[in-house]
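This is what each chain is made of:
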Amino acid sequence: EMTELLFNKRLQVLVKNRDTDERRSFIRISIELQPSSNPVHRKDLVVRLTDDTDLYFLYNLVISEEDFQSLKVQQGLLIDFTSFPQKFIDLLEQCIFEQDKENPRFLLQLTSASSAFDHSPSNLNIVETNAFKHLTHLSLKLLPGSDTDIKKYLATCLSTVKEEKQQLEQKLRKTEEDLTRQLNYAQQTLSEKSRELDKLRSEWTSQTTSLSSRHMQDLTAEREKALETQARLQQQNEQLRQELESSHHRSTQQLQTKVSELETANRELIDKKYKSDSTIRDLKAKLASLEEECQRSKQQVLSLRRENSTLDTECHEKERLVNQLQTRVAVLEQEIKDKEQLVLRTKEVLEATQQQKVNNSVEGNVESKQVQISKLEAAVQSLSEELIKANGIIKKLQGDLKALAGKIKVKNTVTVSQEKILQETTEKLQREQRELQDAQQRLRQKEEEVMKLKEQLDATVQKLDESREVLKTNENVITWLNKQLNENQLSRKQETLGMFETPAAGLRTGSVPHNMVINCCHLKSSIKSAKRESHLSSSFNPFTSCSLGEPVGLDSKYFERRDDSIPLRGLLPSMHLNRAKPTAPTASAYFPAV
């Protein structure tokens, strides 16, 4: 059979010897079951104490079944040898659980009678500390390891370290192989991905060149479409402005009403908060008063308990004195009986002597007997007097004992009533504490609601400011579009037919604004983004480049395609004429048509 390891852990042990002070150190305790050399008993229990920092520190204890029987008789154990290891391990686990506490309930002590832990046996004690005394559950006497035991222990430690080293080396080799394999795979995938990246770059460059040429063609077509949509936009501007004004007016009114509602709700919440604060203060005052009452009742209970204990001690002393007096009375009664028997015998002897008085002349003996009889009668008289006194003392002590018993009953009733009052006050205190916690939780919820309402109020105010800025920028756009339309109508009257052939030259010389080209290049993306809600920038400038293809300030319903739209002519020639000075961007730069 192999050795079975049951327990192997480091525990905090209180070490003390004859000359040095107590100190705490961590000692490893191992418990094993090994095959026994005795054929009658199968296994022996081995307890070993070692120190990881000091390899020469070794204490052993081998417990067979015969040793356990003697240990059981010496220390009054109630378990057998089979359940002893598990109970011993349970006690050690209790010590581990309590060792980090400031005042542990279970602790381990290693004591030695010598000045140092060298070659003398030591005792391992498991001590439970309670309010009355230090109770030793188990005390084991361990012997220090000899040189051969230390060598065996060091050899086992070395073998375990070598086994762990071999396992770690095997694990390290395995991890190195896995990492090299993963590295090769990663390098291979990296080379493949780099080749794919080069291929995609070449495809991307070809696609970009084709798309740029196609976009240039689409640019010219879309420019013509933008001229057609300009007239339609001019007709829709007035209607759009009116609708925007009405919608913004309605939204501002709604926001103002919402702000007023939020302000009223905020005031109500603040009032509720003040009320809850006042209730919390009242509850705190009640709690303080209840705590004071509880403290006073506790002090009264303690004083009553002390008085009860003193009365109990007095009662026990009185009972002991009564028992002593009763025994003394019994002894005196027995002595009286003996004296009476002696008197009877002396009387009999006296009668016999009186009968023989006639025949014998022994008057001197009779007188001596009478003297003895008188002495015995005096002794009996004194004993009877002492017996009467003892009976009186016993009756007095019994009366005192009854009075003390009555007082103890009264004290017990008062103590019970005080404990009931204390229990009621503690329950009331717990209820008040629960109510206080509920009130604090409700207050925190109300504060969170107030914060949320404040955030909503700030958001609504911010949205109101943004809507006002959007309304202002929309008005600026409308005025600018009207101005551009008037300028285009004036310039169209002065055009000639030969000017329609020069838009390409105007583009080459840079008369068309750069933002117009960018918007036309990103026409498809602007069509998709026109469906989403958008706002104009607060710092709008019609002569600066806008965001790429993003509709500015207008709803998507005004960008629907209409077949009956009338194209506007003459915008490109006007750009060609004003090539030296860049003109303002047309409506297509801000409102791409579909």
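Residues numbered from 1 in each chain as written. Predicted model: local features only at pLDDT ≥ 70, side-chain atom pairs only at ≥ 80, totals over all residues. Heavy atoms only, no water.

Draft legend 1. Spatial organisation of the sheet that holds strand β5 (residues 106-112). Strand order in the closed barrel formed by seven strands is β1-β2-β3-β4-β7-β6-β5, with mixed pairing between adjacent strands. Across the sheet, the mean angle separating the axes of adjacent strands is 35° when strand polarity is ignored. Packed on one face of the sheet, helix α1 (residues 65-75) meets β4 (58-63) and β7 (134-144) and runs near 145° to β7. Here helix α2 (residues 84-98) sits on the sheet in contact with β1 (4-16), β2 (23-35), β3 (43-50), β4, β5, β6 (122-129) and β7, set at roughly 45° to β1. (Pairing = 2+ DSSP bridges. Helix = DSSP H or I, 4+ residues; strand = E, 2+ residues; numbered from the N terminus. Axes fitted to C-alpha atoms, helices over the stretch in contact; angles between N-to-C directions. Contact = heavy atoms within 4.5 Å.)

Draft legend 2. Expanded view of the UniProt feature "domain: SAS-6 coiled-coil" (unreviewed entry) in the protein chain. Following the UniProt record, one finds the feature "domain: SAS-6 coiled-coil" (unreviewed entry) at residues 147-176. End C-alpha atoms of residues 147-176 are separated by 43 Å, and the span's content is 100% helix alongside 0% strand. (UniProt positions renumbered as here; feature names shortened; annotations may be inferred.)

Draft legend 3. Structural context of the side chain of aspartate 44. Topologically, aspartate 44 is positioned in strand β3. Taking relative accessible area as the criterion, aspartate 44 reaches 9% and is therefore assigned buried. In contact with aspartate 44, not counting residues within four places along its chain, are Glu32, Leu33, Gln34, Ser36, Ser37, Val62, Ile63 and Ser64. (Buried < 20%, exposed > 50% of the residue type's maximum accessible area, 1.4 Å probe, protein only.)

Draft legend 4. Broad picture of a positive patch on the surface. On the surface, Lys286, Lys428, Arg431 and Arg434 cluster together into a patch of positive charge. Counting residues per element, the positive patch draws most heavily on helix α4 (residues 363-493), which supplies three residues. Topologically, arginine 431 is positioned in helix α4. (Patch = residues over 30% accessible without salt bridge, like charges linked within 9 Å, V, L, I, M, F, W, Y side chains within 5 Å. Areas by Shrake-Rupley, 256 points an atom, 1.4 Å probe, with all protein chains shown as cover. Salt bridge = Lys/Arg side-chain N within 4 Å of Asp/Glu carboxyl O. Lys, Arg positive; Asp, Glu negative; His and termini not counted. Charge placed at Lys NZ, Arg CZ, Asp CG, Glu CD.)

Draft legend 5. Spatial organisation of the packing of aromatic side chains. Per the counting criterion, the structure on display carries four aromatic pairs. A centroid spacing of 5.7 Å and a plane angle of 65° characterise the contact between phenylalanine 68 and phenylalanine 81, whose relative ring orientation is edge-to-face. One end of the pair, phenylalanine 68, is in helix α1; the other, phenylalanine 81, is in the loop between α1 and α2, with 13 residues separating them in the sequence. Taking the relative accessible area as the measure of exposure, phenylalanine 68 reaches 0% and is therefore buried. The buried category is assigned to phenylalanine 81, whose relative accessible area is 10%. Through successive ring pairs, a cluster of aromatic residues spans Phe68, Phe81, Phe84 and Phe88. (Phe/Tyr/Trp six-rings, centres within 6.5 Å; stacked < 30°, edge-to-face > 60°.)

Draft legend 6. Structural view of a negative patch on the surface. Together, Glu335, Asp338, Glu385 and Glu386 make up a region of like negative charge exposed at the surface. Broken down by secondary-structure element, the contributors of at least two residues to the negative patch are α3 (147-359) and α4. Among the secondary structure elements, glutamate 386 is positioned in helix α4.

Draft legend 7. Geometry of the pattern of salt bridges. Taken as a whole and assessed by the stated rule, the structure comprises 14 salt bridges. Between arginine 48 and glutamate 32 there is a salt bridge, with the nearest N and O atoms lying 3.4 Å from each other. Here arginine 48 is found in strand β3, whereas its partner glutamate 32 is found in strand β2, with 16 residues between them in sequence. Residues lysine 225 and glutamate 222 are paired through a salt bridge, measuring 3.6 Å at the closest nitrogen-oxygen approach. In this pair, lysine 225 and glutamate 222 both sit in helix α3, three residues apart, roughly one turn of the helix. Judged by relative accessible area, which is 15%, glutamate 222 ranks as buried. Several salt bridges converge on common partners, so that one network encompasses Arg10, Arg28 and Asp52.

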